[in-house]
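Understanding the architecture of this molecule
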Amino acid sequence: MEIEDEIIVEDDIDIIDIIDFGFPRRFFNRSNYIEEMDDMSFFRRFRLTKPTVIAVLELLEDQLEFDNDLNNSVSPVNQLLTGLLFYASSAHQINIGDIMRMDQGTVSRIISKVSQSIASLRNRFIKMPSTPQEIITCQNNFYRIARFPRVIGCVDGTHIKIRSSGDSGYPLRSYLLTPLGNPGAPAEQLYNEAQIRTRNCIERTNGVLKRRFPALCYGLRCNLNNALSTIVATAVLHNVARRMHEDEAPPPMGINDEELNYLIDQGEIPNINVHGNVMYDFRRDLIITHFGNLGQ
């Protein structure tokens, strides 16, 4: 009976403490995965090798460092690994928190911070041709693929899906030429074939990017601004990995490889028939003057 009384008294004291001071904060003992995990497991888990992660960390450390450690702040390396784990997963933040030993709210804030920090490096690692000579070289390289003229870049991707009643593909513009929905004449068939073969390079690139960072396949469970930062951040990391001469990432942990490949295969641009005045005439003129002559 005395023991029961003591238990009741101790419980009452705990309740009084909670009333006076609030619920006690949880402090996590976080792992150092760079030191504790073997190289291949680390590569599979975080989708980048340890040397590449360290190289990225050196570029971001000042942005990720907290002014003090009064609130058991998360170290820059664990912030970066949290972001990488988000990109490497099906994007459920609560599961990431379990692995990184932090609550979901902290995970969400860190993902946003890390994504914006990595995306800020875009001018160093993502580059479109800008000088006249770069543009000419780029156009010539694309022309060699399938004889499609004046191309300096290709667009593809299903990173953000916006539900709407409009077209499911890209709009036809003077600077963005989409495929024909129902090619008939030989020139139209040549145009479509060249367009598809030329844009195939970006489809392959996106396939590599999505295999490295599966969150791009499964859907980004965050607001639009964070989604945009995440897409740019993963492109930056992909180019960093290329500069570090990394191999293609091995199958990810916790992801069904067959399911991942299926989702990647579904991400092709649909062939839509876009009608319209000036833009339609611009594409029609190219088909007649260029691809019509190729067929002769």
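The structure reproduced in this document is the subject of the present report. The structure displayed is predicted, hence computed values, not measured ones.

Conventions adopted
- Residues numbered from 1 in each chain as written.
- Predicted model: local features only at pLDDT ≥ 70, side-chain atom pairs only at ≥ 80, totals over all residues.
- Heavy atoms only, no water.
- Helix = DSSP H or I, 4+ residues; strand = E, 2+ residues; numbered from the N terminus.
- Buried < 20%, exposed > 50% of the residue type's maximum accessible area, 1.4 Å probe, protein only.
- Areas by Shrake-Rupley, 256 points an atom, 1.4 Å probe, with all protein chains shown as cover.
- Contact = heavy atoms within 4.5 Å.
- Phe/Tyr/Trp six-rings, centres within 6.5 Å; stacked < 30°, edge-to-face > 60°.
- Axes fitted to C-alpha atoms, helices over the stretch in contact; angles between N-to-C directions.
- Parallel < 35°, antiparallel > 145°, perpendicular 65-115°, else oblique.
- Left-handed = near helix turned anticlockwise from the far one by under 90°.
- Nonpolar A, V, L, I, M, F, W, Y, C, P; charged D, E, K, R; others polar.
- Salt bridge = Lys/Arg side-chain N within 4 Å of Asp/Glu carboxyl O.

Secondary structure summary: the chain contains 14 helices and 0 strands in total. In the chain, the succession of helices and strands from N to C terminus is α-α-α-α-α-α-α-α-α-α-α-α-α-α. A buried classification covers 38% of the 296 residues belonging to the chain. Here the chain has roughly 17,800 Å² of accessible surface; of this, 51% comes from carbon and sulfur atoms.

With that settled, consider the environment of Arg 243. By the element assignment, Arg 243 lies in helix H12 (residues 224–243). Separated by 191 residues in the primary sequence, Arg 243 and Thr 52 place their C-alpha atoms 9.3 Å from one another. Among residues more than four places away in sequence, those in contact with Arg 243 are Arg 124 and Phe 125.

On to the packing of aromatic side chains. Any two aromatic rings considered together are summarised by their centre-to-centre distance and by the angle between their planes. As enumerated under the stated definition, the model contains 7 aromatic pairs in all. Where Phe 42 meets Phe 46, the ring centres are 4.8 Å apart and the plane angle is 45°; that geometry is what we call tilted. On the criterion of helical spacing, the pair formed by Phe 42 and Phe 46 is a turn pair, its members being 4 residues apart in helix H3 (residues 39–46). Taken as a pair, Phe 42 and Phe 46 share a single burial class, namely buried. Their ring planes at 50° and their centres at 5.6 Å tell us that Phe 148 and Tyr 191 sit as a pair that is tilted. Of this pair, Phe 148 sits in the loop between helix H9 (132–146) and helix H10 (186–212) while Tyr 191 sits in helix H10; the two residues are 43 residues apart in sequence, bridging distant segments of the chain. Through successive ring pairs, a cluster of aromatic residues spans Tyr 33, Phe 42 and Phe 46.

Moving on: the packing of helix H5 (residues 76–87) against helix H6 (residues 93–100). For the pair H5 and H6, interaxial distance at closest approach is 10 Å and the crossing angle is 140°. By the angle between their directions, the pair H5 and H6 is classed as oblique. You can see that H5 and H6 cross each other, and the crossing is right-handed. On the side of H5, the interface is formed by Asn 78, Leu 81, Thr 82, Leu 85 and Phe 86, while H6 contributes Gln 93, Ile 96, Ile 99 and Met 100. Within the contact of H5 with H6, the residues separate by chemical class into 6 nonpolar, 3 polar and no charged.

Charged atoms that come close allow side chains of opposite charge to pair. On inspection of all chains with the given rule, the structure shows 6 salt bridges. Put simply, Glu 134 and Lys 127 hold a salt bridge, and the shortest N to O gap is 3.1 Å. Look at Glu 134 and you get partly exposed, because its relative accessible area is 30%. Its salt-bridge partner being Glu 246, residue Arg 212 comes within 3.1 Å of it at the nearest N-O pair. Note that Arg 212 is positioned in helix H10 and Glu 246 in the loop between H12 and helix H13 (257–265), a separation of 34 residues in sequence. For Glu 246, a relative accessible area of 14% corresponds to the buried category.

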